[in-house]
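Each chain, written out:
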Amino acid sequence: MSDRTVLTFEEQEYSLPRLESLSAGLATVLARRGVRAGDRVALMSSNRPEFVIAVQAIWRLGAAVVLLSPAWKQGEVEHALAVTEPAHAVGDHEVLAGLMPMLHLDEPIPPAPGPPPPAPDPRADAVLVFSSGTTGLPKAVRHTHASFGAAVGHWRDALEMTAADRLQITTPPSHILGLLNIFTVLATGGWLRLHRRFDLDRMLHHIEADRITIEMAVAPIALALANHPRLESYDLSSLRYIMWGATPVTPSVAETVTRRTGVGWVPAYGASELPVIACSPVRGSRLDRVGRPVPGVQVRVVSLDTGEPLPPGEIGEIQARSESVMAGYLPAEATAQAFSDGWYRTGDVGFLDADGWLRLTDRAKEMIKVRAFQVAPAEVEGVLLGHPAVADCAVFGVPDPNDGESIVAAVLTRAPVDADELTRLVGDRLASYKRPRRVVFVPEIPRLPSGKVLRRVLKERHG
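J.: Could you clarify how one ought to interpret the pairing of strand β5 (residues 88–91) in this entry?
T.: Here is the key point about a regular strand: its side chains alternate between the two faces of the sheet. Residues His88 and Val90 line one face of β5 and the alternating positions Ala89 and Gly91 line the opposite face, and both faces are buried. Strand direction decides the pairing type here: strand β3 (residues 40–44) and β5, joined by four bridges, are parallel. From the neighbouring strand, Leu43 faces β5, where its bridge partner is Val90. Pairing between β5 and strand β6 (residues 103–104): two bridges, direction parallel. Bridged to Gly91 within β6 is His104.

J.: Would you explain the sheet that holds strand β12 (residues 241–244) in this entry?
T.: Read across the open sheet, the five strands follow the order β11-β12-β13-β14-β15; overall the sheet is mixed. Since the sheet does not close on itself, it has two edges, and those belong to β11 (214–217) and β15 (292–293), each with one partner. With two bridges joining them, strand β13 (residues 265–269) and strand β14 (residues 278–279) adopt antiparallel strand pairing. Each residue of the ladder has a partner; that of Tyr269, found in β14, is Ala278.

J.: Sorry, what's going on with the packing of helix α5 (residues 145–158) against helix α6 (residues 176–188) here?
T.: Packed helices, taken two at a time, are described by their axes: the angle between them and the distance between them. Two elements in contact, α5 and α6, have axes whose closest approach is 9 Å; the angle formed by their N-to-C orientations is 75°. Taken together, the axis directions place α5 and α6 in an arrangement best described as roughly perpendicular. Packed against α5, whose contacting residues are Phe148, Ala151, Val152, Trp155 and Arg156, the element α6 presents Ile176, Leu177, Leu179, Leu180, Asn181, Phe183, Thr184, Ala187 and Thr188 at the interface. Of the residues belonging to the contact of α5 with α6, the class tally is ten nonpolar, three polar and one charged.

J.: Help me understand the environment of Leu204 in this model?
T.: Checked against the element boundaries, Leu204 lands in helix α7 (residues 200–210). Each C-alpha atom, one on Leu204 and one on Val263, is 13 Å from the other, the two residues being 59 residues apart in sequence. Beyond its immediate chain neighbours, meaning those up to four positions away, Leu204 contacts Leu225, His228, Leu231, Tyr234 and Leu236.

J.: Where do I start with the nonpolar core in this structure?
T.: Where a protein is soluble and globular, its nonpolar side chains tend to be buried together. Residues Leu26, Leu43, Phe148, Trp155, Ile182 and Phe183 are the most contacted members of the largest nonpolar core, which totals 80 residues. Those residues within four positions of Phe148 in sequence are excluded, and the remaining contacts are Trp59, Val127, His143, Ile176, Leu179, Leu180 and Phe183. If you look at the next biggest cluster of nonpolar residues, it comprises 41 residues, including Met44, Leu128, Val370 and Ala389.

J.: Explain the packing of aromatic side chains here, please?
T.: In total, this model carries seven aromatic pairs according to the counting rule given. Seen from their ring centres, Trp59 and Phe183 are 5.1 Å apart, and the 50° between their planes marks the pair as tilted. Taken together, the positions of Trp59 in helix α2 (residues 49–60) and Phe183 in helix α6 put the pair 124 residues apart, joining distant regions of the chain. Judged by relative accessible area, Trp59 falls into the buried class, the value being 16%. Judged by centre distance (4.3 Å) and plane angle (15°), the rings of Phe373 and Tyr433 are stacked. Separated by 60 residues along the polypeptide, Phe373 in strand β23 (residues 373–375) and Tyr433 in the loop between α11 (419–429) and β26 (438–441) bring together distant segments of the chain. Note on accessibility: Phe373 and Tyr433 belong to one class, buried.

Cut-off values and rules
- Residues numbered from 1 in each chain as written.
- Predicted model: local features only at pLDDT ≥ 70, side-chain atom pairs only at ≥ 80, totals over all residues.
- Heavy atoms only, no water.
- Buried < 20%, exposed > 50% of the residue type's maximum accessible area, 1.4 Å probe, protein only.
- Helix = DSSP H or I, 4+ residues; strand = E, 2+ residues; numbered from the N terminus.
- Pairing = 2+ DSSP bridges.
- Axes fitted to C-alpha atoms, helices over the stretch in contact; angles between N-to-C directions.
- Parallel < 35°, antiparallel > 145°, perpendicular 65-115°, else oblique.
- Contact = heavy atoms within 4.5 Å.
- Nonpolar A, V, L, I, M, F, W, Y, C, P; charged D, E, K, R; others polar.
- Core = buried A, V, L, I, M, F, W, Y, C linked by side-chain atoms within 4.5 Å.
- Phe/Tyr/Trp six-rings, centres within 6.5 Å; stacked < 30°, edge-to-face > 60°.

What follows is the structure, given as structure tokens:
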């Protein structure tokens, strides 16, 4: 195994042998604490090398990692723990430490020489990440070693990644894209820089200093690049392309960056449940499409009314199947409605054209996508309804040039209350990205006889 550096964090450098040794050492510590094969281990960590080491250590023991966002507040973490029932915890966050015994990642990790770990059982759970549904609280998405390994292979091939590629991670690794990027680079033999937090100028500096070849971006990063007053002062010539994911591409923003830097974009599309669905070709990408289905993933479009497959050009729900699809949800009863005859129902609406390019036009799900994060309206509504002055409410998303979408809360009150007070209430209970950008007070919440909120009507009135 080469001693070449594969991961850098600030001034620290890690080779594959060093990562293996530290992972083996942490696995020994975890085993002493009682972690066994088949256990679930909660991991709530900031961006740091110990996150990678912890994931590898947990896998060494045949256990599964439950990834908790470091942005979450206590109520969100309590829900995640109740759904997944982890037996152990590792991390660097006081919220998790306050809820169950936690091995702190600031503790020194003793290196342990030894043979490489045995190959994991491909059918065993590897990682559980959280994905919000259209109703209720977030669900845990179960990926086995087989499904996550297949996703790594699909991502490597889609990006044409090789051992010569160099990437940096500025987004939370608790998100499926961050995790996928890290382990695809390591599996490919490339080089990776982890950043403690996102900072645009630091990101640009390291593209130049580290000769980064592939940059990852979501809508806010793309917009920040387009608006950066000194973008031309950075040498970005090492970049092969910038990958745009999580939100639909805004062509004007992408074209501005390309005009100012000469660097093109590669749009891609996936979900926590099926991480890589479609990707544009590295050469010849299009900004009006999310790409073609990647090899190993089948995509079809079905009628929103009948569920029957549609011909090219017809708009319907996008469904996909692949060996990289999740094993299921927790709670388990949520799994059945996510599939139709073995096809994963994305909840997204769009069409496949005659040349096999996939275009998204809408979302059948009511999820609000803020930056790279999914927000379930029902979760925010549940917090607002806890305020004694709120008689009814409905939450919806509106287009936002910075964040993809921003959250608007329509509120029917039974007593006077200030909009800022309601916004603060959500911010105190939930992650900051779930806080409404705007609160509008309305005389009624429009609903169908079934009780379903007519969010489309609210968007038309207050969007």
